[in-house]
Amino acid sequence: MTISFLATTERDLIFVGSDGYQMPIHVAVGAPYANARTEGMEKYAACLFLTCDDPELTTEIFGGDEMEALAAALEFIESFLQKLVRVYGGKLTTPDGTPFDPAGSMLLKESRRLASRNA
């Protein structure tokens, strides 16, 4: 079954390997929805995401509700980008060359720090 994908948020990045090799990376997340389309998972909410620029290669990720499915998609993309840097020993940049931290910006890191203090 072909699932139509419309990104609600997306980002283009460039992975720069330790040897200078450059590879474009496109990540995108669609809007979450109540009933997954994967056979056997229809009772769960889901969200589509991409880790490339081919909309035919979306992945459906699941959650107990739409918010959880969205959080799962974002967490997967963050983990994917962090692993890419860790395993291949390079770095990520935006297309204009600005460094990109897959663990999040200073603002996101501060938000996480504050949330962990209140947990």
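Rules used throughout
- Residues numbered from 1 in each chain as written.
- Predicted model: local features only at pLDDT ≥ 70, side-chain atom pairs only at ≥ 80, totals over all residues.
- Heavy atoms only, no water.
- Salt bridge = Lys/Arg side-chain N within 4 Å of Asp/Glu carboxyl O.
- Helix = DSSP H or I, 4+ residues; strand = E, 2+ residues; numbered from the N terminus.
- Buried < 20%, exposed > 50% of the residue type's maximum accessible area, 1.4 Å probe, protein only.
- Polar contact = N/O pair within 3.5 Å; in protein donor to acceptor, adjacent residues only side chain to side chain.
- 1 Å grid on protein atoms, 1.4 Å probe; cavity = no way out; pocket = protein on both sides within 12 Å on 5 of 7 lines; lining within 4 Å.
- Points joined across faces, edges and corners; volume = space filled by probe spheres on them.
- Nonpolar A, V, L, I, M, F, W, Y, C, P; charged D, E, K, R; others polar.

S.K.: So what about the pattern of salt bridges? Which residues, and what values?
M.R.: When their charged atoms lie close together, side chains carrying opposite charge are able to pair. All told, the structure shown has three salt bridges when counted by the stated rule. A salt bridge links Arg-112 to Glu-78; the shortest N-O distance between them is 2.8 Å. Taken together, the residues span a long stretch of sequence, with Arg-112 in helix H2 (residues 106-117) and Glu-78 in helix H1 (residues 66-88) at a distance of 34 residues. Given a relative accessible area of 38%, Arg-112 falls into the partly exposed group.

S.K.: Describe the side chain of His-26, with residues and values.
M.R.: In this fold, His-26 is placed in strand E2 (residues 22-30). Here His-26 falls in the buried class, since its relative accessible area comes to 13%. A distance of 2.6 Å separates a polar atom in the side chain of His-26 from a polar atom in the side chain of Asp-12.

S.K.: Describe the layout of surface pockets, listing the residues and the values that go with them.
M.R.: Within this model, the largest pocket holds a volume of roughly 500 Å³. As for the largest pocket, its lining consists of 19 residues, and the residues nearest its centre are Arg-11, Leu-74, Ile-77, Glu-78 and Phe-100. Within the residue set of the lining of the largest pocket, elements represented by two or more residues are strand E1 (7-16), E2, H1 and H2. A class-by-class count of the residues in the lining of the largest pocket yields 10 nonpolar, three polar and six charged.

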